[in-house]
Amino acid sequence: MIYSKEVENMCPVKGISHGAAPIPEEGKWVQAKEIKDISGLTHGIGWCAPQQGACKLTLNIKEGIIQEALVETIGCSGMTHSAAMAGEILVGKTILEALNTDLVCDAINTAMRELFLQIVYGRSQSAFSEGGLAIGAGLEDLGKGTRSQVGTIYSTLAKGPRYLDVAEGYVVEIGLDKDSQIIGYKYVNLGKMMENIKKGMEPAEAIEKASGKYGRFDEAVKKIDPREE
């Protein structure tokens, strides 16, 4: 250790240090001093430099090591392949290693940075959950269809909005009232549909079994396909 002459000539004075402030982790208060002191499940959003895409990243961390990762991206085709690579890269790494790992996509890198800040400051989703959350908790975010919950709506001033994808699934019809206002929609849960087909169900039946309605769809005076009309 090299000290400047000014510091060497200073008179030694003892200060008071209470150590790191404890942070909430999995139902305990922890004075985090090392990476292995960090545990918890957290998720957050990252974005790329031109802000043309985004990533929602979910991490389940036990004793500083990432045990579970859910990577969801939207924006460009390359991001989906980057998500695949990040899924292979992240698990097994400490949160410090993951912070300094090339996760290929800028949005995923930014999401990792934001999650690192959350977790080391004790802002995890499982801060007050005794024992934390089991490995697999991230997958539960996707529901039974194991698909990301995506909202895709397209609209123009001339023709109005078109519901394309919502949390329930892929929108196949929009219901309108007599004033041409949307009052409901019919959708297909693509995850359930694919499960039905995998089990041997005919495609038409699989679609029908995975379909549902929202709002006052049955009262609609006109029903339109949002991708054609």
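Preceding this paragraph is the structure being described.
Residues numbered from 1 in each chain as written. Predicted model: local features only at pLDDT ≥ 70, side-chain atom pairs only at ≥ 80, totals over all residues. Heavy atoms only, no water.

In this section: the sheet that holds strand S5 (residues 65-74). Read from one edge of the open sheet, 3 strands run S3-S4-S5, paired in antiparallel fashion. The strands lining the two open edges of the sheet, one partner per strand, are strand S3 (40-47) and S5. In this sheet, neighbouring strand axes are inclined to one another by 15 degrees on average, regardless of whether the strands run parallel or antiparallel. Sheet analysis places strand S4 (residues 54-62) next to S5, joined by 9 bridges and oriented antiparallel. By the bridge assignment for S5, Asn-60 is matched with Glu-68. Against the sheet, helix H2 (residues 77-90) makes contact with S4 and S5, and its axis sits at roughly 175 degrees relative to S5, the strand it touches most. Most of the contacts of helix H4 (residues 106-120) go to S3, to which it runs at about 140 degrees, and overall it touches S3, S4 and S5. (Pairing = 2+ DSSP bridges. Helix = DSSP H or I, 4+ residues; strand = E, 2+ residues; numbered from the N terminus. Axes fitted to C-alpha atoms, helices over the stretch in contact; angles between N-to-C directions. Contact = heavy atoms within 4.5 Å.)

The next thing to look at is the pattern of salt bridges. For the structure on display, the rule yields 11 salt bridges. With a shortest N-O distance of 3.9 Å, Lys-36 and Asp-37 are connected by a salt bridge. Between Arg-216 and Glu-219 there is a salt bridge, and its shortest N-O distance comes to 3.2 Å. Classification of Glu-219 as exposed rests on a relative accessible area of 51%. Via salt bridges that share partners, Lys-56, Glu-72 and Asp-141 belong to a single interconnected network. (Salt bridge = Lys/Arg side-chain N within 4 Å of Asp/Glu carboxyl O. Buried < 20%, exposed > 50% of the residue type's maximum accessible area, 1.4 Å probe, protein only.)

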